[in-house]
2 protein chains.
Amino acid sequence: MTRFVDVGNMIRWAADRGPENIITEMVRYLEDDFRRWEEFDKTPRVASHTPFGVIELMPTSDHETYGFKYVNGHPSNPGRGFQTVTAFGVLADVHNGYPTFISEMTILTALRTAATSAMVAKTLARRDARRLALIGTGSQSEFQALAFRGVLGIDKLTVWDTDPAAIEKFVRNVRPLGFDVTVASSAADAVREADIITTCTADKAKATILTADSIAPGVHINAIGGDCPGKTELDAEILERGDVFVEFDPQTRIEGEIQQMPADFAVTEFWRVLCGNAPGRTSDDQITVFDSVGFAVEDFSALRYARDSVAGTDFFEEIDLVANPDDPKDLFGLIGALSPSR
Amino acid sequence: MTRFVDVGNMIRWAADRGPENIITEMVRYLEDDFRRWEEFDKTPRVASHTPFGVIELMPTSDHETYGFKYVNGHPSNPGRGFQTVTAFGVLADVHNGYPTFISEMTILTALRTAATSAMVAKTLARRDARRLALIGTGSQSEFQALAFRGVLGIDKLTVWDTDPAAIEKFVRNVRPLGFDVTVASSAADAVREADIITTCTADKAKATILTADSIAPGVHINAIGGDCPGKTELDAEILERGDVFVEFDPQTRIEGEIQQMPADFAVTEFWRVLCGNAPGRTSDDQITVFDSVGFAVEDFSALRYARDSVAGTDFFEEIDLVANPDDPKDLFGLIGALSPSR
């Protein structure tokens, strides 16, 4: 049998454990997997593009466990009452190829994206960082706020979005959770006193959410909205002034902010910093940029964590996904045994 | 909600409709999709190899519907009480990226492989073909027998396998279904009077199940066991004497019988024959070879057929795989609404 976490169980699990706790614990799984980065089979995601959006498969394996995520990205979906991004994921046992765990991943991806942001900022942001600016208050924003509080202790937020209803929704969701929230009057206003900036806007277009002159020395920028070909958020000059860190170089060159830059533009894969093989932040004046696009290993970590966390609870069901006749050569017998013609 | 056919419902559906009827109807879906071959996004499968086997993702899309199959291949599994091949598949709506249909595909793949064999033989075998030789009586064999009877009217079978228990199982399964079955004493003996030969053995090795001197003029060979790198069944001389037809040239060069041949060895993609763009059988003496490895479009056809066939029945459940908040930007609200801390 395969364990299955549907949307209802994911919501009950997340509410029961608390999203801030989940993100904080998930960071440990992420760090474990980023530290053994070289063990993983890695490949850029397999994308099927259409005029309306994209459907992608993101596989990886550590040679014990195989995992993949199905995920779509359809920027026009919200206007039609659908989610921009929906996802589900699967883990399988490499030794016999059987799927062992299936989970909804729309909510789980929101948790893992925030956990990844916090893991990277914990290493790259200034130690004395106290204020987070959030540009974009859509689906990912509350998860970002909880991640930075849970992992870095940051509870001062300045937020901005071009959609006033989205800001109002964000404030309504996070004020009761004890955050000190300031609503800015523009993106430039939002980042004025920020130590860390998260950009998470969703236009499928080359946009300039932030210009270089608004970025103060010492800031860490967590750029998660530029994540597919033709979609960027940052002024190229910011990338030139800062040091840029990425997940998986071959994928980020196609999908990230650095798609704007020459092919030989220098970046550092984050796992190297975590392992001590490459420098991260080297001064308090340095601007660090995490050009995050989301990589299969992060989904693998999130699925591993969810699998382990729901074990022993009632937050999953068992589904029968693998036909298993007593005689492995007698698959037909499964049908014949029931067939009325016999 | 996403419609889900688990193993139990697949078995009930297959027994209720009858596997021979299913295969015959599925051939119509396959032919529809092979006739519009050029409309599909096609890519060789995405494989993750390990010492024990392989896990693969097989995506395709016709720009209305997206589909993929997860499938493993672990030749040592039966010795450990597991299936060599297990699979499940997904259809999604390209317009919003939402998954619409999920099905077990261990049994469904067995049905689609047999349906594909029969579709090709209907076009390439001699019109007067009356006897099928089956070399290999494992999981696929009974489905082959039903496919050739349902689609080509063939009910005379000669069978051979190196495992006597597998032959006994096959005879036990198909004799009650009205077939005229002869058990041969060797592979060469089995093919002596055959008009069509199916080879479906499962060793992950370069084997020679049949040599060229045992192949009579006019035979159609349906070679389905050689389907991954390092695994072949036919003497290279058979491929030289016959005309070879394939599903998707770039994938078959890696995985099929023709991996033994030079890179410029001439083959014909079958869809061209079906569309009248390339010759198929041109004489009664010609040897035709279908070097079948299984391609994503066939799984797409099988999933489409299963989806349509179970509609309006109770052979599926609905599962909640896609988180769908009322406000698409308020994903967090799904958790917050339940969270005890609020």
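Residues numbered from 1 in each chain as written. Chains lettered and ligands numbered in written order. Predicted model: local features only at pLDDT ≥ 70, side-chain atom pairs only at ≥ 80, totals over all residues. Heavy atoms only, no water.

Section: the interface of chain A and chain B
Taken together, the contact between chain A and chain B spans 78 residues of the former and 78 residues of the latter. Taking both partners together, chain A and chain B bury about 6900 Å²; carbon and sulfur atoms supply 68% of that area. Taken together, chain A and chain B are joined by four salt bridges. For B:Lys329, the salt bridge is made with A:Asp163, and the minimal N-O distance between the two is 2.8 Å. (Contact = heavy atoms within 4.5 Å. Buried area = accessible area lost by both parts, 1.4 Å probe. Salt bridge = Lys/Arg side-chain N within 4 Å of Asp/Glu carboxyl O.)

Looking at the sheet that holds strand E17 (residues 317-319) of chain B
All names here are of chain B. Taken in spatial order, the seven strands line up as E2-E3-E4-E5-E6-E1-E17 in an open sheet, and their pairing is mixed. Either end of the sheet is taken by a strand with one partner, and the two such strands are strand E2 (46-49) and E17. Across this sheet, the average inter-strand angle for adjacent strands is 15°, counted without regard to direction. The pairing of strand E3 (residues 54-61) with strand E4 (residues 65-73) spans eight bridges and is antiparallel. In the sheet register, Thr60 faces E4, and the bridge partner there is Gly67. Contacting E3, E4, strand E5 (87-93) and strand E6 (99-104), helix H3 (residues 106-124) runs over the sheet at an angle of about 85° to E6. (Pairing = 2+ DSSP bridges. Helix = DSSP H or I, 4+ residues; strand = E, 2+ residues; numbered from the N terminus. Axes fitted to C-alpha atoms, helices over the stretch in contact; angles between N-to-C directions.)

Section: the relation of the copies chain A and chain B
Overlaying chain A on chain B yields an RMSD of 0.0 Å, the required transformation being a rotation through 180° with an accompanying axial translation of 0.0 Å. The transformation relating the two chain copies, once decomposed into turn and shift, fits a two-fold axis. Comparing contact sets, 100% of the residues at the interface of chain A also lie at the interface in chain B, consistent with an isologous, same-surface contact. (Least-squares fit on C-alpha atoms with pLDDT ≥ 70 in both.)

Structural notes on the domain arrangement of chain A
All names here are of chain A. Under the domain assignment, chain A is made up of domain 1 (2-107 + 297-324) and domain 2 (125-294). Relative placement of domain 1 and domain 2: their C-alpha centres are 24 Å apart. Domain 1 puts 20 residues into the contact, and the matching count from domain 2 is 22 residues. In total, about 1900 Å² of surface goes out of reach between domain 1 and domain 2, with carbon and sulfur atoms giving 66% of it. Area buried by domain 1 at its contact with domain 2 is led by Glu20, Trp37 and Arg45, which between them contribute 29% of it. The tally of links from domain 1 across to domain 2 stands at two salt bridges. Here Glu20 makes a salt bridge to Arg149, at a shortest N to O gap of 2.7 Å. The interface formed by domain 1 and domain 2 contains six residue pairs in polar contact (both at pLDDT 80 or more). Those elements that place two or more of their residues in the side of domain 1 that touches domain 2 are helix H2 (19-35) and strand E3 (53-61). The greatest single-element share of the side of domain 1 that touches domain 2, amounting to eight residues, is contributed by H2. Broken down by class, the residue content of the side of domain 1 that touches domain 2 amounts to eight nonpolar, four polar and eight charged. (Domains from an automatic or database assignment. Polar contact = N/O pair within 3.5 Å; in protein donor to acceptor, adjacent residues only side chain to side chain. Nonpolar A, V, L, I, M, F, W, Y, C, P; charged D, E, K, R; others polar.)

A word on the packing of H3(B) against helix H4 (residues 141-152) of chain B
All names here are of chain B. It is at 8 Å that the axes of H3 and H4 come closest, and there the two elements cross at 40°. The angle between H3 and H4 places the two elements in the oblique class. Our pair here, H3 against H4, has a crossing hand that is right-handed. Only Phe143, Gln144, Ala147, Phe148, Val151 and Leu152 of H4 make contact with H3, whose side of the interface consists of Ala110, Leu111, Thr113, Ala114, Ala115, Ser117, Ala118, Ala121 and Lys122. Within the contact of H3 with H4, the residues separate by chemical class into eleven nonpolar, three polar and one charged. (Parallel < 35°, antiparallel > 145°, perpendicular 65-115°, else oblique. Left-handed = near helix turned anticlockwise from the far one by under 90°.)

Some remarks on the side chain of B:Glu233
Residues and elements named next belong to chain B. Residue placement: Glu233 occurs in strand E13 (residues 232-234). A polar atom in the side chain of Glu233 sits 3.2 Å from the backbone nitrogen of Gly225. In this view, Glu233 contacts Thr199, Cys200, Thr201, Ala207, Thr208, Ile209, Leu210, Ile224, Gly225, Gly226 and Glu257; residues no more than four positions away in its chain are not counted.

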